[in-house]
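# Summary of the model geometry
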Amino acid sequence: MAEDGAQKPQLEMPLVLDEDLTKQMRLRVESLKQRGEKRQDGEKLLRPAESVYRLDFIQQQKLQFERWNVTLDKAGKVTITGTSQNWTPDLTNLMTRQLLDPAAIFWRKEDSDAMDFNEADALEFGERLSDLAKIRKVMFFLITFGEGLEPANLKASVVFNQL
């Protein structure tokens, strides 16, 4: 099997549903409603179609973003938004200023098995992950499920080249 140049080893890291953190953020919404209070100025409250996912960087250095690996088992759309390193979920509420731009949007049309996505934004976001991995051991994401999708319909990971 002859190839032009040596293939770099790749590392695939899954985005995993953080059920505890998602529950904690949903309890925050319920608590505010029950007490008739409003969110803090700039606070991001979790909406029903959103869940918190995490990516544990099993390696932090010498990573180069290669691609997103996102599949949906039925038609619909997901938006993956990263959070900044300033958010410590066990200590602070999530603020809108801690959500990273751009978001990566993936969708599957009704009569298709192919996944489509906003290529430029997804690529830019993915490249930022390589830099963020150098300073973080874990990264959190808000994933918004559209068109009747839920966490069970999603399988997502990020593939890096090891330099």
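### So, the overall build of the protein
Along the protein, the regular secondary structure elements total two helices and nine strands. Relative to its full complement of 163 residues, the protein shows a buried share of 42%. The contacts in the protein between residues at least 6 apart in sequence include a share of 79% that link residues at least 24 apart. Distance between charge centres in the protein, computed from 23 positive and 27 negative side chains, equals 6 Å.

### A word on helix α1 (residues 19-35)
Between its first and last C-alpha, α1 extends 24 Å over 17 residues, near the 24 Å set by a 1.5 Å rise per residue. By the burial criterion, the buried members of α1 are L21, T22, M25, V29 and L32. All buried residues of α1 project into a common sector of 110 degrees when viewed along the axis, lining one side. For α1, exposure combined with an orientation more than 90 degrees from the buried face picks out E19, D20, K23 and Q34. Buried positions along α1 lie against β2 (16-17), β3 (50-56) and β8 (138-146).

### So, the sheet that holds β3
Taking strand neighbours across the sheet as the criterion, the six strands line up as β2-β3-β8-β5-β6-β7 in an open arrangement whose pairing is antiparallel. Where the open sheet ends on each side, the last strands, each with one partner, are β2 and β7 (115-117). The pairing of strand β6 (residues 104-108) with β7 spans three bridges and is antiparallel. By the bridge assignment for β7, R108 is matched with M115. With respect to the sheet, α1 is in contact with β2, β3 and β8, its orientation differing from that of β3 by roughly 145 degrees.

### A few points about the pattern of salt bridges
The full count for this structure, using the stated rule, is eight salt bridges. Among the salt bridges present, the one from R54 reaches D56, with a minimum N-O distance of 2.9 Å. What makes R54 partly exposed here is its relative accessible area of 25%. Residue R108 is joined to D113 by a salt bridge in which the shortest nitrogen-to-oxygen separation is 3.2 Å. For D113, a relative accessible area of 70% corresponds to the exposed category.

### Structural notes on the pairing of strand β9 (residues 154-162)
Where burial is concerned, most of β9 is hidden: seven out of the nine residues are buried. Bridging between strand β1 (residues 10-14) and β9 involves five bridges; their strand directions are antiparallel. The partner of Q10 across the bridge, within β9, is N161. In the sheet, strand β4 (residues 63-72) pairs with β9 via nine bridges, with the strands oriented antiparallel. For V70, the partnering residue across the bridge sits in β9 and is A156.

Each value, and the rule that gives it
- Residues numbered from 1 in each chain as written.
- Predicted model: local features only at pLDDT ≥ 70, side-chain atom pairs only at ≥ 80, totals over all residues.
- Heavy atoms only, no water.
- Helix = DSSP H or I, 4+ residues; strand = E, 2+ residues; numbered from the N terminus.
- Buried < 20%, exposed > 50% of the residue type's maximum accessible area, 1.4 Å probe, protein only.
- Contact = heavy atoms within 4.5 Å.
- Lys, Arg positive; Asp, Glu negative; His and termini not counted.
- Charge placed at Lys NZ, Arg CZ, Asp CG, Glu CD.
- Expected span 1.5 Å × (residues − 1).
- Arc of directions from axis to C-beta.
- Pairing = 2+ DSSP bridges.
- Axes fitted to C-alpha atoms, helices over the stretch in contact; angles between N-to-C directions.
- Salt bridge = Lys/Arg side-chain N within 4 Å of Asp/Glu carboxyl O.

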